[in-house]
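Here are the chains, one letter per residue:
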Amino acid sequence: MIKINKNLLNVQQVDNFEEVSKRVNEYKINNPNNKLLNLGVGDVSKPIIKEVIDEMNKAINELGNIDTFKGYGYFYGHSFLKKKIIDEYKCFTEEEIYISDGAKTDTTNILELFDKDSLACLFNPSYPVYRDALDIMGIKYEYIDANEFNDFRPLPNKKYDIVYICSPSNPLGIAYDKDYLTKWVKYALKNNCIILYDNVYDSFIRSSNVPKTIYEIEGSKKIAIEFRSYSKKASFTGVRCSYYIIPNELIIKDVNKYWKKRVMTKFNGSDYIAQRGALATYSDKSIIKINKNIDDYLTNARYIKEELEKLNYKVYGGFDSPYLWIKNKNNMSSWNFFDLFLNELNIIVIPGIVFGTNGDNYFRVSALAKKSVIYEAIERIKSYEKEN
Ligand code: PLP
């Protein structure tokens with residue numbers, strides 16, 4: 001009798017998000033005329049800029065021409081894009097850079113680099129994909145609490161082999177400064193621990209004390225693998241392009257030799273058209289336009305924060321990140337608060353419990369929605385608070 005991989009039975013995230021969809025769908029069936037406003041979704045709402053679209057169109061035409069056609073062989077990514085990434089970091093060689101199809105793929109697949117007996121550390125709360133990927137791989141993990149008492153900046157008091165750090169953080173909406181990250185780098189160097197640094201929201205960083213990359217911290221090339229993506233930066237959530245850095249200096253001997261074997265076995269390379277689009281994000285004109293888009297999202301975030309604080313909500317994040325981590329009122333649990341917002345205000349938020357038990361008294365709001373949706377939602381919350 002064929003047996004399923006038991007690890008798949010542990011995956012929880014899908015169930016949690018399915019529960020959100022189930023409740024929303026039930027509401028829609030029972031109230032077909034009510035307009036729902038979605039402040040939960042982590043997808044972007046702005047279209048891809050023209051410069052990128054034009055470049056992708058050129059790439060499509062090249063693929064239809066016998067002289068410029070490109071096929072298999074670029075397992076680790078095209079040089080033209082790697083060169084731009086090297087310019088960005090001002091260190092690293094092409095050999096240390098991997099172009100891929102999304103940070104979700106990359107932050108989870110990287111677990112195949114490690115022995116199954118490794119012990120991983122997760123923040124509670126954190127992006128739930130990390131936990132589920134560890135479960136699927138059968139790698140054990142423990143949580144460390146990120147809460148108001150430690151300013152959402154936990155540090156471990158035992159030895160771990162792997163830790164996921166997400167900054168700017170989904171769901172907390174805060175970005176970690178140099179001092180805090182330095183503590184982690186020192187810890188990792190001392191304990192031979194690898195930091196998986198999920199930096200997909202780097203383009204939202206505006207604070208000068210927040211490093212744009214973990215590699216700004218001394219010693220980090222020995223212990224950190226960094227992940228970035230064009231998804232939120234350049235609206236590539238539907239296009240798919242990302243990259244990650246595995247430094248040759250990493251404490252794992254010959255790490256790139258072994259990881260290249262893994263990549264070549266399981267991946268035939270990222271989409272050429274997507275990589276050409278990513279290339280176009282680096283022109284001066286594109287940088288200005290992309291920054292303007294990100295600034296618009298950040299303006300939305302500041303607006304949500306200011307308005308909710310006026311209504312006595314406790315709001316975290318939203319400065320170097322599109323996310324706001326907001327405390328439920330009246331000590332309500334996540335799902336009760338979610339139902340209240342859905343049924344009374346017709347607004348969808350993400351219940352904090354989805355990200356871990358420490359999220360139970362919180363909800364996550366995203367400023368990536370359209371400005372009009374955000375403004376309408378805030379007006380609804382204001383009127384509701386006035387009446388109740
Ligand atoms: N990491 C975090 C923290 C995210 O929030 C997301 C997407 O929302 C991802 C990774 C996945 O990004 P990508 O679209 O590049 O797969």
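First things first, this report covers the structure right here in the doc.

Rules of the game
Residues numbered from 1 in each chain as written. Predicted model: local features only at pLDDT ≥ 70, side-chain atom pairs only at ≥ 80, totals over all residues. Heavy atoms only, no water. Helix = DSSP H or I, 4+ residues; strand = E, 2+ residues; numbered from the N terminus. Buried < 20%, exposed > 50% of the residue type's maximum accessible area, 1.4 Å probe, protein only. Contact = heavy atoms within 4.5 Å. Areas by Shrake-Rupley, 256 points an atom, 1.4 Å probe, with all protein chains shown as cover. Expected span 1.5 Å × (residues − 1). Arc of directions from axis to C-beta. Pairing = 2+ DSSP bridges. Axes fitted to C-alpha atoms, helices over the stretch in contact; angles between N-to-C directions. Core = buried A, V, L, I, M, F, W, Y, C linked by side-chain atoms within 4.5 Å. Near = heavy atom within 4 Å. Polar contact = N/O pair within 3.5 Å; in protein donor to acceptor, adjacent residues only side chain to side chain. Nonpolar A, V, L, I, M, F, W, Y, C, P; charged D, E, K, R; others polar.

**A closer look at the overall build of the chain**
Next up, step 1: Helices and strands together make up the secondary structure of the chain, namely 11 helices and 13 strands.
Next up, step 2: Along the three orthogonal principal directions, the C-alpha set of the chain runs to about 65 × 55 × 50 Å.
Next up, step 3: For the chain, the residues scored as buried account for 54% of the 388 residues in total.
Next up, step 4: Sequence separation of at least 24 residues holds for 72% of the intrachain contacts in the chain that already meet a minimum separation of 6.
Next up, step 5: When the accessible surface of the chain is summed, it comes to about 18,000 Å², and 51% of that surface belongs to carbon and sulfur atoms.

**Some words on unusual backbone geometry**
Next up, step 1: Cis geometry is found at the peptide bond from Asn-124 to Pro-125, where omega equals 10°.
Next up, step 2: Look at the link from Asn-170 to Pro-171: it is a cis peptide, with omega at 20°.
Next up, step 3: A positive phi angle, close to 70°, is found at Asn-312, a residue other than glycine.
Next up, step 4: Mapped onto the elements, Asn-312 comes out in the loop between helix H9 (284–310) and strand E9 (315–317).

**Looking at helix H2 (residues 50–63)**
Next up, step 1: In a regular helix each residue adds 1.5 Å, so 14 residues correspond to 20 Å; H2 covers 20 Å between its end C-alpha atoms and thus fits that length.
Next up, step 2: Three or more residues of H2 are buried, namely Glu-51, Val-52, Glu-55, Met-56 and Ala-59. Buried residues along H2 cover an arc of 130° about the axis, so they all sit on one side. Those residues of H2 that are exposed and angled more than 90 degrees off the buried face are Lys-50 and Asn-61.
Next up, step 3: The secondary structure elements touched by the buried residues of H2 are helix H8 (272–280) and H9.

**Observations regarding the sheet that holds strand E5 (residues 162–166)**
Next up, step 1: Read from one edge to the other, the open sheet built from 7 strands follows the order E2-E8-E7-E6-E5-E3-E4, with strand pairing classed as mixed. Every interior strand has two partners, whereas the edge strands, strand E2 (97–100) and strand E4 (140–145), have only one. Pairs of neighbouring strands in the sheet enclose a mean axial angle of 20°, with direction left out of account.
Next up, step 2: The pairing of strand E3 (residues 119–124) with E5 spans 2 bridges and is classified as parallel. Along E5, the bridge assignment pairs Cys-121 with Val-163.
Next up, step 3: In this fold helix H7 (residues 255–266) packs onto E2 and strand E8 (242–245), with an angle of close to 15° to the strand it touches most, E2.

**A few points about the environment of Leu-134**
Next up, step 1: When you line up the elements, Leu-134 lands in helix H5 (residues 128–137).
Next up, step 2: Spatially, the C-alpha atoms of Leu-134 and Asn-61 are 41 Å apart, while their sequence positions differ by 73 residues.

**Quick word on the nonpolar core**
Next up, step 1: The biggest cluster of nonpolar side chains holds 62 residues, and the ones touching the most others in it are Ile-85, Phe-123, Ile-165, Trp-184, Ile-195 and Tyr-230.
Next up, step 2: The element that contributes the greatest number of residues to this core is helix H6 (residues 178–191), accounting for 6 residues.
Next up, step 3: Grouped together as the second largest cluster of nonpolar side chains are 34 residues, Ala-301, Ile-326, Leu-345 and Ala-367 included.

**Here's the deal with the site of the ligand**
Next up, step 1: Taken together, 14 residues form the shell around the ligand, and within it Asp-198, Tyr-201, Ser-229, Ser-231 and Arg-240 come nearest.
Next up, step 2: In the model, an oxygen atom of the ligand is placed 2.7 Å from a nitrogen or oxygen of the Ser-229 side chain.
Next up, step 3: Here the shell around the ligand is built from residues that sort into 6 nonpolar, 4 polar and 4 charged.

**What about the sheet that holds E9?**
Next up, step 1: With antiparallel pairing, the 4 strands of this open sheet are ordered in space as E9-E10-E13-E12. Edge strands, defined here as strands with exactly one partner in the open sheet, are E9 and strand E12 (350–351).
Next up, step 2: Relative to strand E10 (residues 323–327), E9 runs antiparallel, the two sharing 3 bridges. The residue bridging Tyr-316 from the neighbouring strand is Trp-325, located in E10.

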